[in-house]
Amino acid sequence: MERTGTTRRRALLATGAAAAAVLTGCTTDEPGARSATPRSESAETALRRRSAELSGALLPRYDAVLTAHPALAARLAPLRAEVVRHVEALAPTGSRPLPGTSPDPSVSRPASPSSPAPSASGPARPGPSSTASPPAPPAPADAGAAVRELAAAERTTADGHTAALSGAPPEYARLLASVAAAGAVHAYLLTEGSR
């Protein structure tokens, strides 16, 4: 009987020691706990940067269509301004604004259709490793085709934000979902909504 009591005490002590080790590992004083936080912040920052760049890539497309078809300005300028707000909201906190993210499209595009097209480099990526994104394709000469291509770009961007939801922290996932929904509305307004 004494042997069983000793075995139980040893089991309880071992369980207590294991529980203490687990609890100690969960404190913020543990070096492993400190290093996990910056990694998750880095992952979120990278996600924010990619999301902002994805939306930012729409801006040169809007600018190309606005340059080729200035008569569409009343219709496209409000949508472009919303894209600018999306880029600003999605970007990492404290990052530099992307070039071309002025809410007024005339700031980042030529004033007249006879002027040269906007810079082919498109918006630069924020951060120390600033490399230019691929240039936006030139807008089709037909206004209807240009708007349809813009709608397709909005859909692709919305799909990209939706795909990123699974890797996003909850608060940022809500923002991504909102921006993806807004992109889907833009695509609708550019196609079905204009009929």
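Our structure is the block above this text.
These figures come from a predicted structure and were not determined experimentally. (Residues numbered from 1 in each chain as written. Predicted model: local features only at pLDDT ≥ 70, side-chain atom pairs only at ≥ 80, totals over all residues. Heavy atoms only, no water.)

Chemist: Is there a simple way to think about the overall build of the protein chain in this case?
Modeler: Broken down by element type, the protein chain carries seven helices and zero strands. For the protein chain, the succession of helices and strands along the chain, N to C, is α-α-α-α-α-α-α. Here the protein chain, with 195 residues, has 32% of them falling under the buried criterion. Counting only contacts in the protein chain whose residues sit at least 6 apart along the sequence, the fraction spanning at least 24 positions is 71%. As displayed, the protein chain has an accessible area near 11300 Å², and 61% of this comes from carbon and sulfur atoms. (Helix = DSSP H or I, 4+ residues; strand = E, 2+ residues; numbered from the N terminus. Buried < 20%, exposed > 50% of the residue type's maximum accessible area, 1.4 Å probe, protein only. Contact = heavy atoms within 4.5 Å. Areas by Shrake-Rupley, 256 points an atom, 1.4 Å probe, with all protein chains shown as cover.)

Chemist: Explanation requested: the packing of helix α3 (residues 58-68) against helix α4 (residues 73-90) in the structure shown.
Modeler: Helix-helix packing: each pair is described by the crossing angle between the helix axes and the interaxial distance. Running from amino to carboxyl end, α3 crosses α4 at an angle of 165 degrees, the nearest separation of the two axes being 10 Å. Taken as axis vectors, α3 and α4 run roughly antiparallel relative to one another. Crossing of α3 over α4 shows left-handed handedness. Here L58, L59, Y62, D63, V65 and L66 of α3 lie close against α4, whose contacting residues are A73, L76, L79, R80, V83, V84 and V87. Of the residues in the contact of α3 with α4, the class split is 11 nonpolar, no polar and two charged. (Axes fitted to C-alpha atoms, helices over the stretch in contact; angles between N-to-C directions. Parallel < 35°, antiparallel > 145°, perpendicular 65-115°, else oblique. Left-handed = near helix turned anticlockwise from the far one by under 90°. Nonpolar A, V, L, I, M, F, W, Y, C, P; charged D, E, K, R; others polar.)

Chemist: Any chance you could explain α3 here in plain terms?
Modeler: Residues spaced three or four apart along an α-helix point in a common direction, a consequence of the helix completing one turn every 3.6 residues. Within α3, nine of the 11 residues are buried, which leaves it mostly tucked inside the rest of the structure. Those residues of α3 that sit buried are L58, L59, P60, Y62, D63, A64, V65, L66 and T67.

Chemist: In this structure, what is going on with the packing of α3 against helix α6 (residues 143-163)? I would like to understand it.
Modeler: Where α3 meets α6, the closest approach of the two axes is 10 Å, and the angle between their N-to-C directions is 170 degrees. Between α3 and α6, the angle falls in the class roughly antiparallel. Counted together, L58, R61, Y62 and V65 of α3 and A146, L150, A153, E154 and T157 of α6 form the full contact between these two elements. Residue composition of the contact of α3 with α6, grouped by class: six nonpolar, one polar and two charged.

Chemist: Help me out: how do you make sense of a nonpolar patch on the surface in this one?
Modeler: A contiguous nonpolar patch, built from V185, Y188 and L189 and spanning about 280 Å² of accessible area, is present on the exposed surface. Given the relative accessible area of 43%, V185 is considered partly exposed. (Patch = residues over 30% accessible without salt bridge, like charges linked within 9 Å, V, L, I, M, F, W, Y side chains within 5 Å. Salt bridge = Lys/Arg side-chain N within 4 Å of Asp/Glu carboxyl O.)

Chemist: What exactly am I supposed to notice about the side chain of S51 here?
Modeler: With respect to the helices, strands and loops of the structure, S51 is situated in helix α2 (residues 31-56). Apart from the residues within four sequence positions on either side, S51 is in contact with L90, H161, Y172 and L176.

Chemist: Please clarify how the nonpolar core should be interpreted in this entry.
Modeler: Side chains that are nonpolar tend, in soluble globular proteins, to be buried together. Formed by 27 residues in total, the largest nonpolar core has its most connected members in Y62, L76, L176 and L190. Residue assignment for this core shows that the elements contributing at least two residues are α2, α3, α4, α6 and α7 (170-190). Top contributing element to this core by residue count: α4, with six residues. If we skip the residues at most four places from it in the chain, L76 touches Y62, V65, L66, L150 and L190. (Core = buried A, V, L, I, M, F, W, Y, C linked by side-chain atoms within 4.5 Å.)

Chemist: How do you make sense of α6 when you look at a structure like this?
Modeler: With 21 residues, α6 should reach 30 Å at 1.5 Å per residue; the first-to-last C-alpha distance of 30 Å fits that figure. Inspection of α6 places A145, A146, V147, L150, A151, A153, E154, T157, A158 and H161 among the buried residues, and these make up the whole buried set. (Expected span 1.5 Å × (residues − 1).)

Chemist: What is the right way to look at the pattern of salt bridges in this model?
Modeler: A side chain with one charge may pair with a side chain of the opposite charge, provided their charged atoms come close. Within this structure, the stated rule accounts for four salt bridges. The residue R148 makes a salt bridge to D142 at a minimum N-O spacing of 3.9 Å. Note that R174 and E171 form a salt bridge whose closest N and O atoms lie 2.5 Å from each other. Within this pair, R174 and its partner E171 are both found in helix α7, separated by three residues, close to a single helical turn.

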